[in-house]
Amino acid sequence: MARTTSTKGRCYICKKELGKGAMKTHLLKCNNLGEGKTNYFMIKVEGFYNKDYWLYIQVKESATLSDLDSFLRDIWLECCGHLSAFKIGDALYEDNIDDSNFGLFRREVKDMSKTKLKDVFSIGRVFKHDYDFGSTTTLKLEVVAQYSGIATKDKVTLLARNNMQEYTCEKCGEKATYIAMGSEWSDYTPLCEKCMEEYDDEECYVMNITNSPRMGVCGYSGENDIYQLD
Ligand SMILES: [Zn+2]
Ligand SMILES: [Zn+2]
Ligand SMILES: [Zn+2]
């Protein structure tokens, strides 16, 4: 199985390659926003069960949890419009709050579109995000820095991201773009576009290779992930 394992990633400002921990220190220097009155949080995002997937993002303090949710859906999560929620401290924050959601075991649910980050975030705060309450993808988020500077155009800016894992086509050795999966996780065949067309194993489940902790789950194909460097 030709697979390069690396948790390194690249800074989206200067393209430097660094490990996850060193990246935070680097970003605090590299991301120079100068003098300004706009307040930001820097947030580290990781796959809860696979920390090889990671991001550093910068979010305006005045943004809402829905703005953050939209960004996470675009870069890593969206497949078919499932529900999502943030769990911060003892509270749950969801979109489209519906009274019928309140069950015996549900804690209080708040509206993420009405919750500003500055009301729930502080340095060191660690919290979770769940996408899809059936085949759930869980993310771990941590507020790692807080600073001010000039106003950026977007509410959420991607500062750094783990490198995409590269797979080699098992048939021809070219770069693979698909994985054909058998019934077990360990039974998988990376394939390039051309070899995929010729591959006939109808028992297989075929998925796009993506740079996301939701790879292979439900109908996830990474089509909204426009955040590739180069
Ligand atoms: Zn940099
Ligand atoms: Zn889905
Ligand atoms: Zn091939």
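All residue numbers here refer to positions counted from 1 along the written sequence of the relevant chain. The order in which chains are written sets their letters, starting at A; the order in which ligands are written sets their numbers, starting at 1. This being a predicted model, a pLDDT of at least 70 is required before a residue's local features are given, and a value of 80 or more before pairs of side-chain atoms are given or counted; all residues contribute to the totals for chains, interfaces and linings. Each side-chain value is worked out from all heavy atoms of the structure, with water and hydrogens disregarded.

1. A look at the pairing of strand β11 (residues 178-181)
What counts, and what does not: Any residue under 20% of the maximum accessible area for its type is buried, any over 50% is exposed, and the rest in between are partly exposed; the area is computed with a 1.4 Å probe on protein chains only. In this description a helix means any DSSP run of H or I spanning at least four residues, a strand means any run of E spanning at least two, and both kinds are numbered starting from the N terminus. Strands were regarded as paired on the criterion that DSSP finds at least two bridges between them.
Here β11 shows no split at all, with Tyr 178 and Ala 180 on one side and Ile 179 and Met 181 on the other all buried. In terms of strand pairing, β11 meets strand β12 (residues 188-191) through 4 bridges, oriented antiparallel. Bridge pairing links Tyr 178 to Leu 191 in β12. If you look at the hairpin formed by β11 and β12, you'll find 6 residues sitting between the two strands. Note: β11 against strand β13 (residues 205-208), 4 bridges, orientation antiparallel. Residue pairing across strands places Met 181 opposite Tyr 205, the latter belonging to β13.

2. Quick word on the sheet that holds strand β5 (residues 84-88)
Put simply, the test is: In what follows, residue pairs with any heavy atoms lying within 4.5 Å of each other are defined as contacts. As a rule, the C-alpha atoms of each element are fitted with a line to give its axis, helices using only the stretch in contact, and angles between N-to-C directions run from 0 to 180 degrees.
Taken in spatial order, the 10 strands line up as β2-β1-β10-β4-β3-β9-β8-β5-β6-β7 in an open sheet, and their pairing is mixed. Of all the strands in the sheet, just β2 (17-18) and β7 (109-111) have a single pairing partner and so form its edges. Bridge analysis of strand β1 (residues 9-11) against strand β10 (residues 156-162) gives 3 bridges, and the strand direction is antiparallel. Among the inter-strand pairings, Cys 11 is bridged to a residue of β10, identified as Ala 160. Sheet strands in contact with helix α1 (residues 20-30) are β1, β2, β3 (38-47), β4 (54-60), β9 (137-149) and β10, and its direction is about 30 degrees off that of β4.

3. Overview of the sheet that holds β11
Taken together, 3 strands build an open sheet; the order of strands is β12-β11-β13 and the sheet is antiparallel. Edge strands, defined here as strands with exactly one partner in the open sheet, are β12 and β13. Within the sheet, the average angular offset between the axes of one strand and its neighbour, ignoring direction, is 25 degrees.

4. A short note on the coordination of the zinc ion (ligand 3)
Working reference: metal with six octahedral donors, ideal angles 90 or 180 degrees; metal with four tetrahedral donors, ideal angle 109.5 degrees. The condition is simple: Think of the donor list as every N, O and S atom within 2.8 Å of the metal, or within 3.2 Å for Na, K and Ca; water never makes the list, so a site can look incomplete. Think of it this way: with four donors and all angles in the 85 to 135 degree range, the site is tetrahedral; with four or six donors, opposite ones beyond 155 degrees and the rest between 65 and 115, it is square planar or octahedral; otherwise it is irregular.
All of the protein donors around the zinc ion (ligand 3) are Cys 169 (SG), Cys 172 (SG), Cys 192 (SG) and Cys 195 (SG); their distances to the metal are 2.3 Å. Geometry at the zinc ion (ligand 3) is tetrahedral, judged from its 4 donor atoms and the angles of 101 to 117 degrees they form at the metal. All donor residues of the zinc ion (ligand 3) come from one chain, and their arrangement in sequence is C-x2-C-x19-C-x2-C. Remark: Cys 192 occurs in the loop between β12 and α4 (193-198) and Cys 172 occurs in the loop between β10 and β11; sequence separation between them is 20 residues. By relative accessible area, which is 39% here, Cys 172 ends up partly exposed.

5. Concerning the packing of aromatic side chains
Which entries qualify depends on this criterion: What counts as a ring pair is set by centres within 6.5 Å for rings of Phe, Tyr and Trp (its six-membered ring), and what kind of pair is set by the plane angle: stacked under 30 degrees, edge-to-face over 60, tilted for all other angles. When the NZ atom of lysine or the CZ atom of arginine is within 6 Å of a ring's centre and also within 35 degrees of its normal, the charge is said to sit over that ring.
Under the defined criterion, the tally for this structure stands at 7 aromatic pairs. Judged by centre distance (4.9 Å) and plane angle (40 degrees), the ring pair of Phe 121 and Phe 127 falls under tilted. Note on accessibility: Phe 121 and Phe 127 belong to one class, buried. Here a set of aromatic residues connected by ring pairs shows up, and it is made of Phe 41, Phe 86, Phe 121 and Phe 127. Sitting over the face of the ring of Phe 48, Lys 51 holds its NZ or CZ atom 5.2 Å from the ring centroid. For Lys 128, the ring lying beneath its charged end belongs to Phe 48, and the centroid distance is 4.7 Å.

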